[in-house]
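A closer look at the structure
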Amino acid sequence: MPTDLDRHEAWLSREDLDNIRGRVPILYVAAVPVRVADNGSVTRVGLLLRASDTGTMDRELIAGRVNYHEQVRDALVRHLEKDLGPMALPSVPASPVPFTVAEFFPTPGVTPFHDPRQHAVALSYIVPVRGDCAPQQDALDLAWLTPEEAGETGLQAEMAGGHGALLQQALAHLGHSGF
């Protein structure tokens, strides 16, 4: 007898997804890719450049949905490799713990995080990557910035939907606050 765990669907139709987005929060993962020195200190922070639906150019973190019956760790690796390429070699621990949980609302101003499509909850991670990275999919560029450069207010203003606030939280978590 089949059980609910025997389901293999990973994606919903566009209509089903739009319907669900209007009714329940969707689980996401967000990742701040970093380069780490031998002593464990963060030397670089990776930010993607994408063209938005409105035609603006925005800096973004890596983010995406967790599929049905997919472990959070696997979702992190999938999104990191999708955006940074298959040779990025992310170092996700066996039992990942987020540095924060970001709650995105379709109504601006409820939290610093805004997604006009849905109410989404993003488990947010800082993930070291060791390999060669190149922008993939719809990413136009990948910039590796020092933590000081990533903390600049002007750069964070280029990040839509609260990604700048999430980056600021990541930098503070790493001990790089007060820029």
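Here's a quick rundown of the structure. (Residues numbered from 1 in each chain as written. Predicted model: local features only at pLDDT ≥ 70, side-chain atom pairs only at ≥ 80, totals over all residues. Heavy atoms only, no water.)

**Overview of the overall build of the protein chain**
From N to C terminus, the protein chain includes five helices and seven strands. Its helices and strands in sequence order give the protein chain the pattern α-β-β-β-β-α-β-β-β-α-α-α, from N to C terminus. Taken over the C-alpha trace, the protein chain has a radius of gyration of 17 Å; the compact-globule value for 179 residues is 16 Å, and the two agree within 12%. With 179 residues in all, the protein chain has 40% of them scored as buried. A sequence separation of at least 24 residues applies to 66% of the contacts in the protein chain between residues at least 6 apart. In the structure as shown, the protein chain presents an accessible area of about 9900 Å², 53% of it carried by carbon and sulfur atoms. (Helix = DSSP H or I, 4+ residues; strand = E, 2+ residues; numbered from the N terminus. Rg over C-alpha atoms; globule rule 2.2 N^0.38 Å. Buried < 20%, exposed > 50% of the residue type's maximum accessible area, 1.4 Å probe, protein only. Contact = heavy atoms within 4.5 Å. Areas by Shrake-Rupley, 256 points an atom, 1.4 Å probe, with all protein chains shown as cover.)

**What about the packing of aromatic side chains?**
Counted according to the given criterion, the structure contains one aromatic pair. Considering the side-chain rings of phenylalanine 104 and phenylalanine 113, the 5.2 Å spacing of their centres and the 50° angle between planes classify their relative orientation as tilted. Taking relative accessible area as the criterion, phenylalanine 104 reaches 10% and is therefore assigned buried. For arginine 35, the ring lying beneath its charged end belongs to tryptophan 144, and the centroid distance is 4.6 Å. (Phe/Tyr/Trp six-rings, centres within 6.5 Å; stacked < 30°, edge-to-face > 60°. Lys NZ or Arg CZ within 6 Å of the ring centre and 35° of its normal.)

**Re the pairing of strand S6 (residues 120–128)**
The side chains of a regular strand alternate between the sheet's two faces. Sheet analysis places strand S1 (residues 26–36) next to S6, joined by nine bridges and oriented parallel. Within the sheet, the bridge partner assigned to alanine 30 lies in S6 and is serine 124. Sheet analysis places strand S5 (residues 100–104) next to S6, joined by five bridges and oriented antiparallel. In the sheet register, phenylalanine 104 faces S6, and the bridge partner there is alanine 120. (Pairing = 2+ DSSP bridges.)

**Comments concerning the side chain of threonine 146**
Here threonine 146 is to be found in the loop between strand S7 (139–145) and helix H3 (147–150). Classification of threonine 146 by relative accessible area gives buried; the value is 19%. Sequence-distant contacts of threonine 146, defined by excluding residues within four places in its chain, comprise Thr43 and Arg44.

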